[in-house]
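# Structural overview
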Amino acid sequence: MEGEGERERKRGGRVCCVCNEARASVKRPKTLQHMCRECFFHAFESEIHHLILNNSLFSPGERVAIGASGGKDSTVLAYVLSKLNRLHNYGLHLFLLSVDEGITGYRDDSLQTVHRNHLQYQLPLQVVSYKDLYGWTMDQIVDVIGFKNNCTFCGVFRRQALDRGAALLKVDKLVTGHNADDIAETVLLNLLRGDVARLSRCTSITTGEDGIYSPNAYRGFAREFIKDLERIRPRAILDIIKSGENFRISTTTKMPEQGTCQRCGYISSQKWCKACVLLDGLNRGLPKLGIGRSRGSVGSENGNGSKVEKSIQGKQCGTLDF
Ligand SMILES: Nc1ncnc2c1ncn2[C@@H]1O[C@H](COP(=O)(O)OP(=O)(O)OP(=O)(O)O)[C@@H](O)[C@H]1O
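Treat the numbers as computed from the prediction; the structure is a model and nothing was measured. What you see as residue numbers is a count from 1 along each chain, following the sequence as written. Whole-chain, interface and lining totals are the exception, using all residues; otherwise, since this is a predicted model, local features are given only for residues with pLDDT of at least 70 and side-chain atom pairs are given and counted only at 80 or more.

Angle between the axes and distance between the axes are the two parameters that describe a pair of packed helices. Angles shown run from 0 to 180 degrees and are taken between the N-to-C directions of axes, each axis being a line fitted to C-alpha atoms and, for helices, limited to the stretch in contact. Helix and strand labels come from DSSP, where a helix needs a run of H or I of at least four residues and a strand needs a run of E of at least two; each type is numbered from the N terminus. One way to put it is that helix α2 (residues 37-54) packs onto helix α3 (residues 72-87) with a least axis distance of 11 Å and a crossing angle of 70°. Taken as axis vectors, α2 and α3 run roughly perpendicular relative to one another. Remark: the crossing between α2 and α3 carries right-handed chirality. Note on element contacts: α3 touches α2 through V80, K83 and L84, opposite E45, I48 and H49. Residues are grouped as follows: nonpolar covers Ala, Val, Leu, Ile, Met, Phe, Trp, Tyr, Cys and Pro; charged covers Asp, Glu, Lys and Arg; every other residue, Gly included, is treated as polar. For the contact of α2 with α3, the residue count by class is three nonpolar, one polar and two charged. Note on terminology: angles under 35 degrees are roughly parallel, angles over 145 are roughly antiparallel, angles of 65 to 115 are roughly perpendicular, and the others are oblique. If you view the pair so one helix is near and one far, a crossing is left-handed when the near helix is turned anticlockwise from the far one by less than a right angle, and right-handed when it is turned clockwise. Throughout, a pair of residues is in contact if the C-beta atoms placed from their backbones lie within 7 Å.

Structure follows, in structure tokens:
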């Protein structure tokens, strides 16, 4: 009897290199293997499972929030994590956490996806909004700042909003759907800026006490550049991440010290955190006040020398590192 694989070969199609039966529908950039849907899903999910185990990412009984934007990556994250949690008895209490930035025609649509995920995967959902947290929606911010610099507000506020939502849910950990492209962009951005401190941390699978989110147009250029590289060499994205992982800083290099914002208590190496500087500018009718490269134009470097290491529950805002 002629098998499915043989028929596929006769039709001139590629056969999955794992099951040798079904038609291949994806070529993985990571391994260059041609795989069918089923084998790809299986490989993808079991790689995530082993990654979780090998890095001891979770402990039984932990409360874990999934940053749910309604986009493809965080939707896949919610699906896979809830499936693995059931299948392998991780014993995690999972939550969906969404930030509503108040962008009409964009986030309101994707929040509908999050509501569907909430019902489908039966995960409790918490939505926090810029309007409630900061008194401004992104639409209102764009009205005063224009389109040019609004990414700074959106990125800084979102990161802090996720941390505030995590604190509300009293979770131990927050997971996000940042993908390989996002990490490669961040490696490249930190390299181009000569930011050695961030370059050395940005590939960590779990993150600590400060943010590396680079919310501006420069990221767009890094993205285009990486996509061009990928066209020439599909492994380029993974190569960039590998270089970032291999990067080591001499132990004698002086790094910025972390403290807390004197205004809101959020993690900051300045007197005020970036969100407070931006918000202050907005509220005083000087929306461009906090925009620029320096982290916080108000106050000076925190000099208390203490290293802040608290859980998400233990402080007003938490510990996500973009
Ligand atoms: N509004 C939001 N609410 C909750 N989590 C968010 C939000 N925006 C981003 N995140 C988290 O940060 C990750 C990366 O953000 P990014 O801006 O790349 O997401 P996206 O393009 O909206 O959607 P996705 O990456 O999920 O396809 C998301 O996967 C998600 O985990």
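Anyway, onward from the coordinates.
A molecule or strand has a residue near it when that residue's C-beta atom, placed from backbone coordinates, lies within 6 Å of it. The local shell around the ligand holds 16 residues, among which G67, G71, D73, S74 and G177 are the closest. The set of elements that each furnish at least two residues to the shell around the ligand consists of α3, β4 (93-100) and α7 (150-169). Its residues placed into classes, the shell around the ligand shows four nonpolar, eight polar and four charged.

Now for the UniProt feature "domain: tRNA(Ile)-lysidine/2-thiocytidine synthase N-terminal" (unreviewed entry) in the chain. The UniProt record annotates "domain: tRNA(Ile)-lysidine/2-thiocytidine synthase N-terminal" (unreviewed entry) at residues 64-200. The span residues 64-200 carries 60% helix and 15% strand; its end-to-end C-alpha distance comes to 26 Å. UniProt positions are given in the numbering used here, feature names are shortened, and annotations may be inferred rather than shown by experiment.

The length a helix should cover is 1.5 Å for every residue beyond the first. With 14 residues, helix α8 (residues 180-193) extends 20 Å from end C-alpha to end C-alpha; this agrees with the ideal 20 Å at 1.5 Å per step. Along α8, the residues classified as buried are I183, A184, E185, T186, V187, L188, L189 and N190. Phi for G194, located one or two positions after α8, is positive at around 70°. Counting other C-beta atoms within 10 Å of a residue's C-beta gives its exposure: the residue is buried at 20 or more, exposed at 12 or fewer, and partly exposed in between, where C-beta atoms are placed from the backbone.

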